Amino acid sequence: MRQLSNVARVAITFLLAVSHDAMALSPAREFNIAAGDMKMALDRYAAQSGVQLLYSVAEVDGLVGKAVKGKMAPEAALSLLLQGTPLQIMRGGDNALLIYRPATPAPARTVPKVSLEPPNDPATVIVSGLRTGPESARDRKRDSDAIVDAIVADDIGRLPDQNAGQAAQRIPGVQVVRYLEEGGAFTIRGLRQSKVLLNGLEVYGAKAQSGEYNGRNLDLEDVSAEVLAGVDVSKSSSASDIEGGLGGTLNIRTRQPFDAKGSMASVAVKATNYQMAPGFASKTLAQASGLVSQRWQTDAGEMGVLVNVAHAGSVFGLTEDELERPQLVANYAGSGRAVTLPIGMFTGNGHNGERARDTYVAAFQWRPAANVSLYANHVGVNYLLDQRFQTARFYVGAPTTSYTLWGDRNSDGSDNLRSGTFTGNTMSNASVVGNEGRNVRLYDIGGKWDNGNGDSGDGVQAISVRLSHTDTAVRNTLLEWGMNASVPLMRLEVNEGSPSHLSVSGIDLADPASYRPAYLLSIAANGTQENTAAVVDANYRFGHPVIQSADFGLRVNDYTRRTAGFVHLYCIDGCHGDATLAAADPALLHQVPAAQSREVGPYPTFSSDAVRRQVALRALYGLPAVDANMPEYDQLNHEKTTAAYVKFNYTTDVGGKPVSGNVGLRYVGTALHGASYGANAAGALVLLASDSTRHDVLPSFNATIRLRDDLLFRLGASKTMGQVNFAHLSAAVRISNPVQHDAQAGNPDLMPYTSRNADWSLEHYFGVKGMAAVGMFYKLVSGLIQTAAETRMINGEEYHVATFRQAGLARIKGIEFAYQQFFDRLPAPFNGLGLQANCLFVNTQAPSSVAGRSVPLLGLSKNSCNLAGIYERGKFKARLAYNHRGSLVATTSSSGAQGVPVFARPFGTLDFSIAYDISKHLSLVLDGANITGARIEQHYGSTHNQMNYVPLNKRYGAQMRYVF
């Protein structure tokens, strides 16, 4: 931790050195503001004075502003407007004023991390001024009672983010892993075991995030960025938080009708050009979104309705050369040397496909009385990934004496192959078609009552209730048709920092007569999930000078998960027949062009259309027309959770400094039933069931010390827990890829893991726009899951099996930096410049994620940074953003690399956005993603054991948005 401490000292010194300017007194202005509703009065004041105001809608709701007429200084006018109300004024920099209702003794404008009000009720409103996105995100951080970072809708709309994951990667401490060109899985402070919520509710069906195709979380790539009001990341925990996030909790918020002051409608149409790898050219697709929101006063109270829909289509086209897992040859070509080399190379992996992402939100809010609010929400997510790829898989035969080595020495004493020639090689061409589909339906109703006394009076202050139900359906299919060939001579070149290469001779790869039809691999993984949750929360106010109030809550959650599927390998002529494809119907074949094959020129595969339709190919080779489910892929999980919490909210002084925060306990009782097929003592496949109960108590503490009005110091301590993936709990041994002899074995004895956490942060807020913060954290995690690689005989053949074991203690510590400033005082035209930056540095001491090997935690980068330059002046807005991730372990159990860790090298992407307001209703936005052409390079342990080298696609878009 010494290195982190040195960095922390430098950062703290810098943070404390940042100062804000005092607001100069403004000249007198003419005011004409009628007495009446405080929100309307403040709006008129902002328009007539030119002063930026920041206030909480909830704090001014129901108050009456006094009439202000005549010529006077803006400060005097505002004091007169607020006379007779509990509101007070705090001066900020850059001609800004903060309006707040004081608690004792300091401003307390708490924004719950997960609200049981209508989800996403905005805590703050910027009345005037630009750059509302960064300001609102900053305000959510400042006003929280714990350590929180956020990105809001204006931030999201200014960059080419297509889904919630790409938006979240710009939040300090969040690291996102790309999956086929889009952000999918993520970590918070280095831990992938983090919780995803949608409007404060659990939603299921993940694949990328959880590592299982029907998992506990929601995949961020499923939700369109166009429907987001914001993304909040809670890094320290309080008793009211839903359990399950070791690293933290990421809450996706959608828009609500009371977000806008009145009626609002907008429509956006975007065309995006995707520049794909050679062989796929480029393609332009359209995206569209629309929003209609209306609120009105009726005899039954104020009501609001909102409908927000978004459709996004995207494409990807990637070509890669993938080296397969390494093997050790003890006496390489009779040299007496031990050499590590790949078992083969897949060249021309032409991954090509489309995504369709439809998201819709319907929301209703009703305030029948000033102290009663009710709401109903429905969110629907439809996601479909349709992909296909062709690949030529070459497996090395006998090495010759023509070779070179890197000159390394691995831990086993071997050297790494740099280049070599082989005889008696084999080749397997494959044409693959796959689909991933997820459909999510969330239904949510609730309401809140408060006693109408505001902050005065004791007793019950508020009661909230909430009932939600989620249905998720998951469908995954894969069809792979393969053909074999013999390759007399092959040369392999393993590179670092550039693609590896392969060449062959002694065979005409373009001639169908060189190939023999071999097999059909058919895979299905389907599932459903249902979840119903009921929540009751209450706040009780005491007449105590320190313990001012307490929050109580009860949550009951009933969750059921079902999975089914199969993995069938059908051999044609025993998978090694003699009949060739010389007389095959040309309509069933596709000649892969040289631009996609990369290394070896054109070669034939079965066409994607023939593979997708299947009927002709299955009939031709006498294969079953329909695939039957296999019992070892059936699994049932039923989990019932009862959670109760109490959280005491306090305010006091320490050394003359105001201190506020909370201390609480959360009890979680879990009853779990599981059923899956496994082998009994005689080796027969039987249905095995298990039942277990667990009781956990999770304490938490949070404190905010107001060192100055603009300087906050936060402390947090908590215990959190995370649940085990259900697929890891299966009793079955499941073949995942019989072609590559990969399998996975579950472990029903795995237990939830827990973490003890300590956090602190120092946050400096200057003006209404500037912010600098530094934070440190420490986590002691017990029971993380290891991937253990084993070799087992299955159906008489040797398989590489990945299974799972509970590890010991892991220590994770790190430091975060965040900085934001807008340089309004620079001379024109430079006064439109702004800067946002954040970095995360993490250090770990943890059991290896692969048993028997020294491997870091899965998905953890030791460093990641975001840097964004902003320019806004008049109708013109621009942003240039760079995202960097350090090296990480990408996987330990992927197909073809079971139990062999795959590392990703550092990489960064550069994005831009340029916007122009053609009128007050119509705007044009141009954006680009990965404009520098970043690439991902992965390797097995040593960088001289390359796994793949993949140039990422670029994309450019143009959007027109009309606001009615």
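Residues numbered from 1 in each chain as written. Predicted model: local features only at pLDDT ≥ 70, side-chain atom pairs only at ≥ 80, totals over all residues. Heavy atoms only, no water.

**Considering the overall build of the protein chain**
Alright, step 1. The helix and strand tally for the protein chain stands at 10 helices and 51 strands.
Alright, step 2. In the protein chain, which comprises 964 residues, the proportion classed as buried is 57%.
Alright, step 3. Partitioning the contacts of the protein chain with sequence separation of at least 6, the portion at a separation of at least 24 is 72%.
Alright, step 4. When the accessible area of the protein chain is evaluated, it comes to approximately 36,000 Å², of which 58% is carbon and sulfur surface. (Helix = DSSP H or I, 4+ residues; strand = E, 2+ residues; numbered from the N terminus. Buried < 20%, exposed > 50% of the residue type's maximum accessible area, 1.4 Å probe, protein only. Contact = heavy atoms within 4.5 Å. Areas by Shrake-Rupley, 256 points an atom, 1.4 Å probe, with all protein chains shown as cover.)

**Brief notes about the pairing of strand 36 (residues 742-745)**
Alright, step 1. The pairing of strand 35 (residues 733-737) with strand 36 spans four bridges and is antiparallel. If you follow Arg-734 over to strand 36, its bridge partner there is Gln-744.
Alright, step 2. In sequence, strand 35 turns back onto strand 36 through a hairpin of four residues, with His-741 there showing a positive phi of about 60°.
Alright, step 3. Inspection of the sheet shows strand 36 paired to strand 40 (residues 797-806) by three bridges, in the parallel sense. Bridging from a neighbouring strand, Gln-744 pairs with Ala-802 of strand 40. (Pairing = 2+ DSSP bridges.)

**Quick look at the environment of Thr-803**
Alright, step 1. Among the structural elements, Thr-803 can be located in strand 40.
Alright, step 2. A relative accessible area of 6% means that Thr-803 is categorised as buried.
Alright, step 3. Once the C-alpha coordinates of Thr-803 and His-728 are considered, the two residues, 75 residues apart in sequence, prove to be 7.9 Å apart.
Alright, step 4. The contacts of Thr-803, once residues within four sequence positions are left out, are Ala-745, Gly-746, Gln-786, Thr-787, Ala-788, Glu-790 and Arg-792.
Alright, step 5. A polar side-chain atom of Thr-803 sits 2.9 Å from the main-chain carbonyl oxygen of Ala-745. (Polar contact = N/O pair within 3.5 Å; in protein donor to acceptor, adjacent residues only side chain to side chain.)

**A closer look at the nonpolar core**
One broad trend across soluble globular proteins is that nonpolar side chains are buried collectively.
Alright, step 1. Ranked by internal contacts, the top residues of the largest apolar core, which has 39 residues, are Phe-394, Met-427, Trp-481, Leu-492, Tyr-515 and Phe-606.
Alright, step 2. Contributions of two or more residues to this core are made by strand 20 (339-342), strand 22 (372-395), strand 24 (415-450), strand 25 (459-493), strand 29 (589-592), strand 30 (603-606) and helix 9 (608-613).
Alright, step 3. Broken down by element, the residue count for this core peaks at seven residues, all from strand 25.
Alright, step 4. Here Tyr-515 is in contact with Met-427, Asn-429, Met-483, Asn-484, Ala-485, Leu-509, Ala-579, Thr-580, Leu-581, Tyr-603 and Pro-604, once residues within four sequence places are set aside.
Alright, step 5. Within the second largest apolar cluster, 30 residues are counted, among which are Phe-186, Val-223, Val-379 and Leu-442. (Core = buried A, V, L, I, M, F, W, Y, C linked by side-chain atoms within 4.5 Å.)

**Remarks on the sheet that holds strand 46 (residues 902-904)**
Alright, step 1. A sheet is described by the order of its strands in space; here four strands give the open sequence 45-46-49-50, paired in antiparallel fashion. Every interior strand has two partners, whereas the edge strands, strand 45 (888-891) and strand 50 (946-951), have only one. Averaged over all pairs of adjacent strands, the angle between strand axes in this sheet comes to 30°, irrespective of strand direction.
Alright, step 2. Pairing analysis gives five bridges linking strand 49 (residues 935-939) to strand 50, with the strands arranged antiparallel. Its bridge partner being in strand 50, Glu-937 is matched across the sheet by Tyr-949. (Axes fitted to C-alpha atoms, helices over the stretch in contact; angles between N-to-C directions.)

**Re the packing of aromatic side chains**
To describe a pair of aromatic rings, one takes the distance between the centres and the angle between the planes.
Alright, step 1. Counting across every chain of the model gives 15 aromatic pairs.
Alright, step 2. When the ring of Phe-346 is compared with that of Tyr-395, the centres are 6.0 Å apart and the planes differ by 80°; the resulting orientation is edge-to-face. Of the two residues, Phe-346 sits in strand 21 (residues 344-369) while Tyr-395 sits in strand 22, which places them 49 residues apart along the sequence.
Alright, step 3. The class of Phe-346 is buried, set by a relative accessible area of 3%.
Alright, step 4. Judged by centre distance (5.8 Å) and plane angle (35°), the ring pair of Phe-713 and Trp-760 falls under tilted. With Phe-713 in strand 34 (residues 711-722) and Trp-760 in strand 37 (residues 753-766), this pair connects stretches of sequence that are 47 residues apart.
Alright, step 5. One aromatic cluster in this structure is built from Tyr-204, Tyr-559 and Phe-726.
Alright, step 6. Of note, Arg-418 hangs over the ring of Trp-406, and the distance from its end group to the ring centre comes to 4.0 Å. (Phe/Tyr/Trp six-rings, centres within 6.5 Å; stacked < 30°, edge-to-face > 60°. Lys NZ or Arg CZ within 6 Å of the ring centre and 35° of its normal.)

**A word on the pairing of strand 41 (residues 809-822)**
On a regular strand, each side chain points to the face opposite its neighbour's, so the side chains alternate between the two faces of the sheet.
Alright, step 1. Strand 41 sits mainly inside the fold: 11 of its 14 residues count as buried.
Alright, step 2. Two elements, strand 38 (residues 770-782) and strand 41, share 12 bridges in a ladder whose sense is antiparallel. Within the sheet, the bridge partner assigned to Met-771 lies in strand 41 and is Gln-820.

**Regarding the sheet that holds strand 40**
Alright, step 1. Strand order in the open sheet formed by four strands is 35-36-40-39, and the pairing between neighbours is mixed. Single-partner strands in this sheet number two, and they are strand 35 and strand 39 (785-794). With strand direction ignored, the average angle separating the axes of adjacent strands in the sheet is 30°.

**Description of the state of the cysteines**
Alright, step 1. Going through the model one piece at a time under the given rule, you end up with two disulfides.
Alright, step 2. Bridging Cys-571 to Cys-575, the disulfide has an S-S length of 1.8 Å. Here the S-S torsion is close to -85°, and the disulfide linking Cys-571 with Cys-575 is therefore left-handed.
Alright, step 3. With a relative accessible area of 37%, Cys-571 lands in the partly exposed category. (Disulfide = S-S within 2.5 Å.)

**Here's the deal with helix 2 (residues 38-49)**
Alright, step 1. Compared with an ideal rise of 1.5 Å per residue, which puts 12 residues at 16 Å, helix 2 spans 16 Å between its outermost C-alpha atoms and is within 8% of the ideal.
Alright, step 2. For helix 2, the complete set of buried residues consists of Met-38, Ala-41, Leu-42, Tyr-45, Ala-46 and Ser-49. One face of helix 2 carries all of its buried residues, which in axial projection span an arc of 140°.
Alright, step 3. Following helix 2 by one or two positions, Gly-50 adopts a phi angle in the positive range, close to 75°. (Expected span 1.5 Å × (residues − 1). Arc of directions from axis to C-beta.)

**Some words on the confidence of the model for the protein chain**
Alright, step 1. Summing up the model confidence of the protein chain, the mean pLDDT is 84 and the portion of residues at 70 or higher is 88%.
Alright, step 2. Note that pLDDT drops below 50 for residues 1-26; the model gives that stretch 50 contacts with residues more than four away or on any other chain. (pLDDT = per-residue confidence, 0-100.)

**Observations regarding the packing of helix 2 against helix 4 (residues 74-82)**
Alright, step 1. Between helix 2 and helix 4, whose axes approach to 11 Å, the crossing angle comes to 170°. In this view, helix 2 runs roughly antiparallel relative to helix 4, as classed from their interaxial angle. Taking contact as the criterion, the partners of Met-38, Ala-41, Leu-42, Tyr-45 and Ser-49 in helix 2 are, on helix 4, Pro-74, Glu-75, Ala-77, Leu-78, Leu-81 and Leu-82.
Alright, step 2. When its residues are assigned to classes, the contact of helix 2 with helix 4 shows nine nonpolar, one polar and one charged. (Parallel < 35°, antiparallel > 145°, perpendicular 65-115°, else oblique. Nonpolar A, V, L, I, M, F, W, Y, C, P; charged D, E, K, R; others polar.)

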